[in-house]
Amino acid sequence: MKLSDWARLQGISYLTAWRWFRSGQLPVPARQLPTGTILVEAPRAEGVTVLYARVSSADQREDLERPVQRLQAFAQKHGWTEVRVVAEIGSGLNGRRRRLLRVLRDPRVIRIVVERRDRLARFGFELLEAALVGSGRQIVVVEEGEVTEDLARDVREILTSACGRLYGRRSARSRAKRALEAMGWG
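Numbering of residues starts from 1 in each chain and follows the order in which that chain's sequence is written. Selection of residues for local features in this predicted model requires a pLDDT of at least 70, selection of side-chain atom pairs for listing and counting requires 80 or more, and totals for whole chains, interfaces and linings are taken over all residues. Hydrogens and water are ignored here; the side-chain numbers use all heavy atoms of the structure.

Peer 1: I'd love a proper account of the overall build of the chain, names of residues and values included.
Peer 2: A count of helices and strands for the chain gives eight helices and six strands. In DSSP terms, a helix is any run of H or I states spanning at least four residues, a strand is any run of E spanning at least two, and both are numbered starting from the N terminus. When its helices and strands are written in sequence order, the chain yields α-α-β-β-β-α-β-α-β-α-α-β-α-α. When accessible area is computed with a 1.4 Å probe and restricted to protein chains, residues below 20% of their type maximum are described as buried, those above 50% as exposed, and intermediate ones as partly exposed. Counting every position in the chain, which comprises 186 residues, the buried fraction comes to 34%. Put simply, 59% of the contacts in the chain that link residues at least 6 apart link residues at least 24 apart. Note on contacts: a residue pair qualifies if any of its non-hydrogen atoms lie within 4.5 Å across the two residues.

Structure (structure tokens):
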């Protein structure tokens, strides 16, 4: 793996890793190619790679197959052989998704691959990533970037949930819609 990827997985800057390599203090074996690229020979950990795909609602169930296929192609390209697919329907704001919790609790899982950060968790992704790296595991994000309309939908879900608790379920959606319109989001 490239030194920059290794540094990101370890939670350090590339410059720090490069300095360690130059001074001979890098804690893992590494070599420099004639092109200048530094490859880290990280030990191959034996374990399961989980390809995690999620959609927000049941009416998007048909859309779940496309990200699964893209994740499988990504895993095959990287040569990960022991792969398990976990597909789930649920909100990115819900912290009690059963299948995700099962994956996080499984000590055999060494790598979780997601298409985008928000597919794993809308908020607190960095905390999940830090906890997994601390236990020798990793999260691989295929496509970095944020989708604005997904964020607007999540704000609407938060407002709907809060309004539902305050005013009752029946009027929650309309109150959340009015609040978003007042903010200029709707």
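Peer 1: I'd like to hear about a nonpolar patch on the surface, residue by residue, with values.
Peer 2: Each patch is built from residues lacking any salt bridge and having more than 30% relative accessible area; the joining distance is 9 Å for like charges and 5 Å for nonpolar side chains (Val, Leu, Ile, Met, Phe, Trp, Tyr). Where accessible areas are quoted, they stem from the Shrake-Rupley method and a 1.4 Å probe; at the residue level, only the protein chains shown are allowed to cover. One speaks of a salt bridge when a side-chain nitrogen belonging to Lys or Arg is within 4 Å of a carboxyl oxygen belonging to Asp or Glu. The grouping of Tyr-14, Leu-15 and Trp-18 at the surface amounts to a nonpolar patch, some 290 Å² of accessible area in total. Secondary-structure assignment places Leu-15 in helix α2 (residues 14-23).

Peer 1: I'd like to hear about the sheet that holds strand β6 (residues 138-141), residue by residue, with values.
Peer 2: Pairing between two strands is assigned when DSSP locates at least 2 bridges connecting them. Read from one edge of the open sheet, four strands run β4-β3-β5-β6, paired in parallel fashion. Each edge of the open sheet carries a strand with a single partner, namely β4 (83-89) and β6. Between one strand and the next, the sheet's axes are offset by a mean angle of 25°, whatever the strand orientation. Sheet analysis places strand β5 (residues 109-114) next to β6, joined by four bridges and oriented parallel. Bridged to Val-114 within β6 is Val-141. Axes here mean lines fitted to C-alpha atoms, for a helix over just the part in contact, with angles spanning 0 to 180 degrees between N-to-C directions. Its contacts with the sheet place helix α3 (residues 65-78) against β3 (48-55), β4, β5 and β6, and it is angled at close to 155° to β3.

Peer 1: Which residues make up the pairing of β5, and what are the values?
Peer 2: Of all six residues in β5, six are buried, a share of seventy percent or more. Strand direction decides the pairing type here: β3 and β5, joined by five bridges, are parallel. What sits directly across from Tyr-52, in β5, is Val-114.

Peer 1: Give me the lowdown on the pattern of salt bridges, citing residues and values where you can.
Peer 2: Two side chains bearing opposite charge may form a pair once their charged atoms approach each other closely. According to the stated counting rule, one finds eight salt bridges in the structure shown. For the salt bridge of Asp-63 with Arg-66, the shortest nitrogen-to-oxygen distance reads 3.3 Å. What makes Asp-63 partly exposed here is its relative accessible area of 33%. For the salt bridge of Arg-70 with Glu-115, the shortest nitrogen-to-oxygen distance reads 2.4 Å. Here Arg-70 is found in helix α3, whereas its partner Glu-115 is found in the loop between β5 and α5 (117-120), with 45 residues between them in sequence. Judged by relative accessible area, which is 43%, Arg-70 ranks as partly exposed. When its relative accessible area of 10% is taken as the criterion, Glu-115 is described as buried. Salt bridges sharing partners connect three or more residues here, namely Arg-84, Asp-106 and Arg-108.

Peer 1: So what about the nonpolar core? Which residues, and what values?
Peer 2: Counting residues in hydrophobic clusters, the biggest one holds 14 residues, and the most contacted among them are Val-50, Tyr-52, Val-103, Ile-112, Val-114, Leu-120 and Ile-139. Contributions of two or more residues to this core are made by β3, α4 (98-105), β5, α6 (125-134) and β6. If sequence neighbours within four positions are ignored, Leu-120 has contacts with Tyr-52, Arg-97, Leu-100, Ile-112, Val-114, Phe-125, Leu-128 and Ile-139. With eleven residues, the next largest nonpolar core counts Leu-51, Ala-53, Ala-75 and Val-113 among its residues. Working definition of a nonpolar core: buried Ala, Val, Leu, Ile, Met, Phe, Trp, Tyr and Cys residues. They are joined through side-chain atoms within 4.5 Å.

Peer 1: Hey, could you go over the packing of aromatic side chains for me, with residue numbers and the actual values?
Peer 2: Only the six-membered ring of Trp is used, alongside the rings of Phe and Tyr, when aromatic pairs are assigned; centres must lie within 6.5 Å, and planes under 30 degrees apart are stacked while those over 60 apart are edge-to-face, with the rest tilted. A full pass over the atoms with the stated rule returns one aromatic pair. Ring centres of Phe-74 and Trp-80 lie 5.9 Å apart, and the angle between their planes is 65°; this geometry places the pair in the edge-to-face category. On the accessibility criterion, Phe-74 (15% relative accessible area) is buried. On the accessibility criterion, Trp-80 (14% relative accessible area) is buried.

Worth remembering: the numbers are spatial, not functional.
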